[in-house]
Amino acid sequence: MKHFFLSVGEQLEIYKIGMAELFQSAFMIVSTLLLNHFAIFYGDDVVAGFGIALRIVQIPEFLTMGLFLGLIPFFAFNYGKPNIKRLKVGIKAASVWIAAISILFVGIVYIFRTPIFALFTTDKELLTVGTLILVAMLISALFNGFTGLFMGIFQATGQGTPTTILAVLQGVLYIPIIFILHMTFGLHGVIWSMTVTEIITCLVGIVLFIPFQLQLNKKAIVTNEA
């Protein structure tokens, strides 16, 4: 262990990625508390509807999460080697699989949303509000996997700034959005607040990924020349 040493610069590289993960986890807790706080205003059916819809939508979210988290070592190894061609092939393959899983699951569940939700309750009021919540969360799930993929790529390649921006943005953005939508649209605003936040975060992820893609292209040229 006496030969094990991390310079200050190396430690900062670790901390800048770790802090982003810390912020994301902290804001996730705040977002859940806010959602529950506003849902309570509209009764137990709404709270129960969010709970059931969340469990259903977590199926594709966890599948896509398994992909982008499992690929982080692959991204890191090929970026550091560097083998940019293999890295880009991996990113493309992950994108295709995430899109396929999300679109297939969302499409099937959307078509059969009422009978699927009816498996969990026979209450008509809960069924009505629950299916609406499920639709909003299904749309959110279409973007959630790609946001996670962007985060995984940025973390694996040591891109501290975009990682932190995405981690903080998702939480910071949700707070004003749920307040504004709640005051403007009431229950419907609360239901769609997470979806709006997820879409905006994913779009920001795309914007952040564009300069990173250009960086990869330049690195590939330098590697080939070497």
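As the structure is a computational prediction, the values presented were derived from the model and not from experiment. (Residues numbered from 1 in each chain as written. Predicted model: local features only at pLDDT ≥ 70, side-chain atom pairs only at ≥ 80, totals over all residues. Heavy atoms only, no water.)

Undergrad: In this structure, what is going on with the layout of surface pockets? I would like to understand it.
TA: Summary: where empty space remains is shown by rolling a probe the size of a single water molecule over the atoms. Counted as a void, the largest pocket has a volume near 1000 Å³. Together, 36 residues line the largest pocket, and M28, E61, N144, Q170 and E198 are the ones closest to its centre. Elements supplying a minimum of two residues to the lining of the largest pocket: α1 (8-40), α2 (44-70), α6 (124-156), α7 (160-185) and α8 (187-225). Tallied by class, the residues present in the lining of the largest pocket amount to 17 nonpolar, 15 polar and 4 charged. (1 Å grid on protein atoms, 1.4 Å probe; cavity = no way out; pocket = protein on both sides within 12 Å on 5 of 7 lines; lining within 4 Å. Points joined across faces, edges and corners; volume = space filled by probe spheres on them. Helix = DSSP H or I, 4+ residues; strand = E, 2+ residues; numbered from the N terminus. Nonpolar A, V, L, I, M, F, W, Y, C, P; charged D, E, K, R; others polar.)

Undergrad: Explain the confidence of the model for the protein here, please?
TA: Interpretation of this model should avoid reading the predicted coordinates in detail wherever pLDDT is low. Overall, the prediction assigns the protein a mean pLDDT of 88, with 98% of residues at 70 or greater. At the low end of the mean pLDDT range in the protein sits α1, at 81; at the high end sits helix α4 (residues 84-111), at 93. (pLDDT = per-residue confidence, 0-100.)

Undergrad: How do you make sense of the side chain of T163 when you look at a structure like this?
TA: For T163, the position within the fold is in helix α7. The buried category is assigned to T163, whose relative accessible area is 0%. The residues touching T163, leaving out its near neighbours within four places in the chain, are I17, A20, M151, F154 and Q155. (Buried < 20%, exposed > 50% of the residue type's maximum accessible area, 1.4 Å probe, protein only. Contact = heavy atoms within 4.5 Å.)

Undergrad: Can you walk me through the nonpolar core in this structure?
TA: Within soluble globular proteins, side chains that are nonpolar generally end up buried alongside one another. Of all hydrophobic cores here, the largest spans 27 residues; its most connected members are F50, I56, F117, I133, L134, L138 and I178. Among the elements of the structure, α1, α2, α4, α6, α7 and α8 are those that each provide at least two residues to this core. Ranked by residue count, the leading element in this core is α6, at 9 residues. The contacts of F117, once residues within four sequence positions are left out, are G49, I52, A53, I56, L126, L127, G130, T131 and L134. If you look at the next biggest cluster of nonpolar residues, it comprises 25 residues, including A20, I72, A167 and L208. (Core = buried A, V, L, I, M, F, W, Y, C linked by side-chain atoms within 4.5 Å.)

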